[in-house]
Amino acid sequence: MRRILLAGLLIFSFVSFSFSQESDEDDDTGTPLKTKGLNLGLYLGSYFANNHTATLYDGYGFDINGKRNTFENSFMYNKIVMEYGGGYGQQDQIAIALGVQHGEWVFNESDMPINMKYAPAFLLGLQGRYSVDAKNAILLNVNASKLNITGNFTITTLPPTNSTQLNDAIKTCAIKGTEQRLFFQLGYQRLLGSNEKVNFLLEGGMHITLAKYDKNEILIGDLLIDLTSYYYQPGYSAYQVKKPIGIGFGAFAGMGVNVNVSELCKVQLVYNPTYEGISLGPDPRYTFQHSVGIRIFYNF
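Below you will find a few notes about this structure. On a predicted model such as this, the values are computed, not experimentally measured, just so you know. (Residues numbered from 1 in each chain as written. Predicted model: local features only at pLDDT ≥ 70, side-chain atom pairs only at ≥ 80, totals over all residues. Heavy atoms only, no water.)

### Some remarks on a nonpolar patch on the surface
Working step 1: A grouping of L38, L40, Y130, V132, I138, L140, L186, M206, L264, Y298 and F300 is seen on the molecular surface, where their side chains present a nonpolar patch of about 1,100 Å² in accessible area.
Working step 2: Counting residues per element, the ones that place at least two in the nonpolar patch are strand 1 (37–48) and strand 5 (136–157).
Working step 3: With respect to the helices and strands, the residue L140 is situated in strand 5.
Working step 4: Looking at L140, the relative accessible area reads 52%, which means it is exposed. (Patch = residues over 30% accessible without salt bridge, like charges linked within 9 Å, V, L, I, M, F, W, Y side chains within 5 Å. Areas by Shrake-Rupley, 256 points an atom, 1.4 Å probe, with all protein chains shown as cover. Salt bridge = Lys/Arg side-chain N within 4 Å of Asp/Glu carboxyl O. Helix = DSSP H or I, 4+ residues; strand = E, 2+ residues; numbered from the N terminus. Buried < 20%, exposed > 50% of the residue type's maximum accessible area, 1.4 Å probe, protein only.)

Have a look at this one:
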């Protein structure tokens with residue numbers, strides 16, 4: 001929280017300095033650049049998430065107290081070894097997917113994923129902008145994104161009995177997840193310069209993120225296994241019973257270009273870094289996220 005307050009003070013100081021350096025109403029000829037008004041618009045961009053919370057999708061999962069599972073209690077061990085690997089006396093579907101016989105494969109803790117990361121995602125939103133005067137505006141934005149998390153894990157296959165093959169073979173398999181994020185921003189925007197058509201812009205303010213763990217799956221050959229089934233099967237009382245969800249707070253900044261296409265339309269190309277806490281998992285922390293996109297406003 002102390003870091004957020006510091007960021008807010010820096011933004012306020014910069015805004016105050018900018019405000020004192022330029023005239024807000026007139027261009028070089030003394031003609032008003034713009035009147036007060038409400039702008040509503042749409043946003044389309046790309047979102048680049050910090051990989052810290054990607055470890056939530058590494059197949060370990062959490063117990064009923066919200067703590068990270070051990071390997072023997074992990075989602076992946078119980079799905080691969082116990083449930084699909086013939087651990088309960090059922091057919092060994094893992095062996096079939098790998099093209100080997102029962103007993104000819106091994107999955108242990110060293111095979112667990114260690115390289116989970118977010119892929120760049122689309123960011124869509126509704127944008128609100130109230131022009132206080134020619135250069136200054138209040139922002140209220142609501143954006144949403146669905147993130148994909150990717151990684152790999154391994155399974156070791158053993159040489160068949162009486163085979164001339166001497167070495168074990170390591171099979172690389174895919175693990176993936178999806179996560180939903182909803183963003184709320186309340187802030188201030190400042191247009192720089194006196195050109196009536198094109199201006200640089202700076203902005204900043206409060207940022208709130210609602211994040212929700214969505215899905216976690218593994219793929220072994222053609223066999224797709226849903227790890228999130230533990231979240232909606234009450235019989236697995238040892239595991240966390242609800243999908244993780246949380247609200248985090250932070251600050252956003254931004255820089256870009258504003259183009260007044262006409263009296264009724266304005267376009268902004270903006271880069272926005274955010275410093276925020278994503279409240280998922282047992283170790284939430286403040287990290288930087290990044291987005292870049294285009295806003296199209298209609299001027300009322």
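Next comes the rest of the description.
### Regarding the pattern of salt bridges
Working step 1: According to the stated counting rule, one finds seven salt bridges in the structure shown.
Working step 2: The salt bridge partner of K176 is E217, with a shortest N-O separation of 3.9 Å. With K176 in strand 6 (residues 169–192) and E217 in strand 7 (residues 198–220), this residue pair connects regions lying 41 residues apart in the sequence.
Working step 3: A relative accessible area of 14% places E217 in the buried class.
Working step 4: E203 serves as the salt-bridge partner of R295, at 2.8 Å between the closest nitrogen and oxygen. Of the two residues, R295 sits in strand 11 (residues 286–299) while E203 sits in strand 7, which places them 92 residues apart along the sequence.

### A few points about the side chain of N260
Working step 1: With respect to the secondary-structure elements, N260 resides in strand 9 (residues 245–260).
Working step 2: Note on N260: relative accessible area 14%, which makes it buried.
Working step 3: Within the local environment of N260, its side chain forms a polar contact with the backbone oxygen of E196, the two atoms lying 2.9 Å apart.
Working step 4: Within polar-contact distance, the side chain of N260 engages the side chain of K266 at 2.7 Å.
Working step 5: For N260, the residues in contact, after removing those within four places along its chain, are E196, K197, N199, C265 and K266. (Polar contact = N/O pair within 3.5 Å; in protein donor to acceptor, adjacent residues only side chain to side chain. Contact = heavy atoms within 4.5 Å.)

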